[in-house]
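Topology and contacts: notes
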Amino acid sequence: MGLGRSEATGRLDVRASGSRCELVLDEGRVVAGSVGSRSWADARELVQGLVEFGSGEDLSFRFASGRAAICRLLPEPISAGGIALDLGRSSVRSLDTTAVRAELGDGNYRLTAPGESLVASLRLEPEERAVVFWLRRGVGADDVLGLPGCGPASLRFVYALKLLRAASPSVAGAYPLMLRKQREVRANAAPHTLLDLPAEAEGRDARRALRRLVRDLHPDRFSNGAPARLLRASGEIVSALVSAEARVSSRRPS
């Protein structure tokens, strides 16, 4: 999404577990792409290839600006934001509403500025358009399924937007979670407790829990005008969560 908004031109290299994906951009539009020696023939194939490639862990990204060598152009370029949204949709499509609701947590969700630009420029499905109306005003995750025109696809869309940082709960919605985590950090709670995990959870569960919590508690989540004390507490909590994830993943005793 950021590459699309900046009208970037160049080559984005993505690497994971020895594999390499390359996207070629021209003014924020993806005009070609490949995984290893395989090039994609159209936008749908490109998105599916990215879904399969991105299912691995520990992705690394490197962007080289300037004109890139293009070997096989897509018939029609697709915006970087459009690809990001399709990947977000794909990542949540198989989740049931109970799982999505748990991931969204509490809070009154609104579109972020990047999210507003994204939904204004792309074609949306009917249930997606319906929930966008409410996201511009603020909507609780508990309320989505009961809104006119909204259904399970609407709830999944809110979650996809959250993953892309295109929708975010209000700061007030993050306060209860932050206060609870601050108490747990001060009480030297066990790593599993800090990550909201059962005692038998292992590395992959810990990584997912860390990503979920950091999305809501990272200092970047708050505005530049947020009190210094709040930002300091946020940083301390995130550091404790990262340490907890490392301990669970390495199976060291708490």
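Residues numbered from 1 in each chain as written. Predicted model: local features only at pLDDT ≥ 70, side-chain atom pairs only at ≥ 80, totals over all residues. Heavy atoms only, no water.

**Thoughts on the overall build of the protein chain**
Helix and strand counts for the protein chain come out as 11 helices and nine strands. Looking at the 254 residues of the protein chain, the share that counts as buried comes to 43%. Split by element, the accessible area of the protein chain, about 13600 Å² in all, is 50% carbon and sulfur. (Helix = DSSP H or I, 4+ residues; strand = E, 2+ residues; numbered from the N terminus. Buried < 20%, exposed > 50% of the residue type's maximum accessible area, 1.4 Å probe, protein only. Areas by Shrake-Rupley, 256 points an atom, 1.4 Å probe, with all protein chains shown as cover.)

**Topic: the environment of Arg-247**
With respect to the helices and strands, the residue Arg-247 is situated in helix α11 (residues 228–250). Classification of Arg-247 by relative accessible area gives partly exposed; the value is 28%. Each C-alpha atom, one on Arg-247 and one on Ala-206, is 9.2 Å from the other, the two residues being 41 residues apart in sequence.

**Focus on the pattern of salt bridges**
Pairs can form between side chains of opposite charge whenever their charged atoms are close. As enumerated under the stated definition, the model contains 17 salt bridges in all. Here Glu-103 and Arg-212 are joined by a salt bridge, their closest N and O atoms 4.0 Å apart. Of the two residues, Glu-103 sits in helix α4 (residues 97–104) while Arg-212 sits in helix α10 (residues 203–217), which places them 109 residues apart along the sequence. Take Glu-103: its relative accessible area is 23%, and that puts it in the partly exposed class. Between Glu-103 and Arg-215 there is a salt bridge whose closest N-O contact spans 4.0 Å. Of the two residues, Glu-103 sits in helix α4 while Arg-215 sits in helix α10, which places them 112 residues apart along the sequence. By relative accessible area, which is 22% here, Arg-215 ends up partly exposed. By sharing partners, the salt bridges in this structure join Arg-11, Asp-13, Arg-20, Glu-22 and Arg-62 into a single network. (Salt bridge = Lys/Arg side-chain N within 4 Å of Asp/Glu carboxyl O.)

**Points about the side chain of Asp-13**
If you trace the backbone, Asp-13 turns up in strand β1 (residues 10–16). Given a relative accessible area of 2%, Asp-13 falls into the buried group. Looking at Asp-13, its side chain comes within polar contact range of the side chain of Arg-20, at 3.1 Å. Here Asp-13 is in contact with Arg-20, Cys-21, Glu-22, Ser-60, Phe-61 and Arg-62, once residues within four sequence places are set aside. (Polar contact = N/O pair within 3.5 Å; in protein donor to acceptor, adjacent residues only side chain to side chain. Contact = heavy atoms within 4.5 Å.)

**Looking at the packing of aromatic side chains**
Under the counting rule described, the total for this entry stands at one aromatic pair. Cation over ring: Arg-137 sits above Phe-133, and NZ or CZ is 3.6 Å from the ring centre. (Phe/Tyr/Trp six-rings, centres within 6.5 Å; stacked < 30°, edge-to-face > 60°. Lys NZ or Arg CZ within 6 Å of the ring centre and 35° of its normal.)

**Considering the nonpolar core**
The biggest cluster of nonpolar side chains holds 26 residues, and the ones touching the most others in it are Leu-104, Val-131, Leu-135, Phe-157 and Leu-161. If you list the elements that add at least two residues to this core, you get α3 (80–92), α4, β7 (108–111), α5 (113–121), α6 (126–135) and α7 (152–163). A total of six residues in this core trace back to one element, the largest contributor, which is α7. Contacts of Leu-104, omitting those with residues within four sequence positions, involve Tyr-109, Ala-141, Leu-155, Val-158, Tyr-159 and Lys-162. One finds Leu-213, Val-214, Val-238 and Leu-241 within the second-largest nonpolar core, a separate group that totals 19 residues. (Core = buried A, V, L, I, M, F, W, Y, C linked by side-chain atoms within 4.5 Å.)

**As for the packing of α10 against α11**
Their axes nearest at 9 Å, the elements α10 and α11 cross at an angle of 175°. It follows from the interaxial angle that α10 and α11 lie roughly antiparallel. Where α10 approaches α11, its residues Gly-203, Ala-206, Arg-207, Leu-210, Leu-213, Val-214 and Leu-217 are matched on the opposing element by Ser-234, Ile-237, Val-238, Leu-241, Val-242, Glu-245, Val-248 and Ser-249. Classifying every residue of the contact of α10 with α11 gives 10 nonpolar, three polar and two charged. (Axes fitted to C-alpha atoms, helices over the stretch in contact; angles between N-to-C directions. Parallel < 35°, antiparallel > 145°, perpendicular 65-115°, else oblique. Nonpolar A, V, L, I, M, F, W, Y, C, P; charged D, E, K, R; others polar.)

**With respect to the sheet that holds strand β8 (residues 139–140)**
Ordered in space as β8-β7-β9, the three strands form an open sheet in which the pairing is antiparallel. Since the sheet does not close on itself, it has two edges, and those belong to β8 and β9 (167–169), each with one partner. In terms of strand pairing, β7 meets β9 through three bridges, oriented antiparallel. The partner of Leu-111 across the bridge, within β9, is Ala-167. On the sheet, α6 packs against β7 and β8 and is oriented at approximately 105° with respect to β7. (Pairing = 2+ DSSP bridges.)

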